[in-house]
Amino acid sequence: MDDINLQYRFLDWRRRIRAVREVRAVRFQERYRRILKVGETLSYQGNSDEVGCYVASRPLSRGNCYFEVTIMDTGVRGTIAVGLVPQFYQLDHQPGWLPQSIAYHADDGKLYNGNTVGQQFGPKCNQGDRIGCGIHCEAGLTTVFFTKNGKEVGSVAIPVAMEGLFPAIGMHSLGEEVRLDLQAEWDAEEDDDSFMAVDSHEDDWGRLYDIRATGTLLEYVGKGRSVLDVGLAQARQPLSTHCHYFEVEIVDAGEKCYIALGLARRDYPKNRHPGWSRGSVAYHADDGKIFRGNGVGEPFGPRCLQGDMMGCGIIFPRDYILGSEDDLDLLEVQPRQVQKRIQNVLYLDDDDEEEEEEEEEERDEQDQEHDGRKVMVFFTRNGKLMGRQEVTWPPGGFYPTIGMLSSGEKVRVDLHPLSG
């Protein structure tokens with residue numbers, strides 16, 4: 001009888017071991033759909049109508065708390081997402097779209113945290129960039145952080161245990177391909193030191209007055225009590241035929257949305273909104289007016305609010321010379337259409353040139369105090385052309401300039417939206 005009981009116990013023990021092995025096999029099995037995996041390379045295999053998603057076999061842990069993805073090819077749209085999801089995440093959704101998932105999306109630089117509506121988070125990522133994702137836990141709270149090319153972009157605390165966070169990569173257009181490194185290492189202390197020096201983007205700005213730069217985000221930190229408290233940010237490099245357009249997204253309109261976008265001479269006064277003083281022109285978000293070298297604006301376009309994208313650029317005449325052989329070579333380049341952006345109007349059309357010649361005499365009378373070359377400045381709102389103004393090119397050129405004047409105002413700047 002004892003032998004029979006012992007045999008039953010042995011068989012039951014074997015069944016339990018088999019069940020545990022089956023559970024572990026399911027638990028530690030990577031999952032993917034519309035993704036081709038060859039070694040460490042993942043490539044999108046769908047038709048761009050549906051999302052492809054990869055979920056790693058094991059979650060991040062204290063001993064393995066970070067991974068990286070290198071973008072080998074952005075494909076048609078570059079809709080690549082890198083983040084963390086639950087183990088049995090729906091593979092027809094981008095990471096970050098569903099609850100208990102979070103991801104940094106390369107195409108728009110936004111963070112998606114359990115929602116299909118993203119929030120501005122960091123810079124866009126292109127071919128050759130490395131996107132990293134990691135976790136650390138303090139006082140029972142899990143914090144997820146993201147990096148770009150080894151430098152921290154930002155972090156966010158989430159109410160999900162680290163044991164339930166699996167590395168995930170999403171793709172959504174033809175040609176997208178990445179290389180996955182689940183064993184990547186990242187030195188937090190070393191990165192923090194270099195992050196302040198390299199990733200602050202302060203090198204992009206020649207002048208910052210009462211404005212704080214954090215990555216591509218500019219935040220007004222002035223008093224905002226009078227017109228003398230204008231915060232000014234001016235780019236280090238002027239616009240040219242190489243880079244003739246830039247954009248600003250209003251992340252937070254603040255109290256009054258006293259945000260101005262435009263161009264100004266290099267020695268523009270720091271306590272003046274762009275457009276208010278000579279050698280500047282600007283489109284103001286709060287009233288939709290254009291200011292051209294004086295404090296009286298003219299109706300120009302609609303007001304701009306939080307979430308709106310404002311753009312400013314220069315249309316150079318075909319014979320415009322900036323003193324560079326490279327710029328002369330560009331005179332033969334034809335305008336191109338940029339997907340999901342405004343048309344690249346680098347040069348005036350022939351018809352536009354004829355119209356401007358007819359009006360040139362009248363404008364010369366208004367600008368007799370200036371002796372510089374005339375260029376056409378244009379402004380956009382959410383990718384649509386609002387209008388243009390002919391202005392005099394000041395000595396040294398026109399520098400992208402942003403003004404802010406009320407508490408809480410924040411904008412995200414892209415000084416090279418037409419590149420790449």
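Our subject is the structure listed above.
The following refers to the structure shown. This is a predicted model, so every value here is computed, not measured.

## With respect to the packing of aromatic side chains
Taken as a whole, this structure holds 12 aromatic pairs when the rule is applied. Taken together, a centroid distance of 6.0 Å and an interplanar angle of 65° make the contact between Tyr-283 and Phe-379 edge-to-face. In this pair, Tyr-283 is assigned in strand 21 (residues 280–284) and Phe-379 in strand 25 (residues 374–381), connecting sequence segments 96 residues apart. Overall, Phe-379 belongs to the buried group, its relative accessible area being 0%. Three or more aromatic residues joined by ring pairs make a cluster, and in this case those are Tyr-66, Phe-145 and Trp-186.

## Concerning the sheet that holds strand 9 (residues 119–120)
Strand order in the open sheet formed by seven strands is 1-4-13-6-7-8-9, with antiparallel pairing between adjacent strands. The sheet is open, and its two edges are formed by strand 1 (31–33) and strand 9, each paired on a single side. As defined by bridge partners, strand 1 adjoins strand 4 (residues 52–55) across three bridges and the pair is classed as antiparallel. Bridging from a neighbouring strand, Tyr-32 pairs with Tyr-54 of strand 4.

## Remarks on the environment of Asn-271
Looking at the secondary structure, you find Asn-271 in the loop between strand 20 (260–264) and strand 21. The partly exposed category is assigned to Asn-271, whose relative accessible area is 30%. Residues Asn-271 and Gly-231, spaced 40 residues apart in sequence, show a C-alpha to C-alpha distance of 6.8 Å. Not counting the four nearest positions on each side in its chain, Asn-271 is found in contact with Val-227, Leu-228 and Val-230.

Here is what the cut-offs are and how they apply
Residues numbered from 1 in each chain as written. Predicted model: local features only at pLDDT ≥ 70, side-chain atom pairs only at ≥ 80, totals over all residues. Heavy atoms only, no water. Phe/Tyr/Trp six-rings, centres within 6.5 Å; stacked < 30°, edge-to-face > 60°. Helix = DSSP H or I, 4+ residues; strand = E, 2+ residues; numbered from the N terminus. Buried < 20%, exposed > 50% of the residue type's maximum accessible area, 1.4 Å probe, protein only. Pairing = 2+ DSSP bridges. Contact = heavy atoms within 4.5 Å.

It is worth stressing that arrangement in space is one thing and function is another; only the former is reported here.
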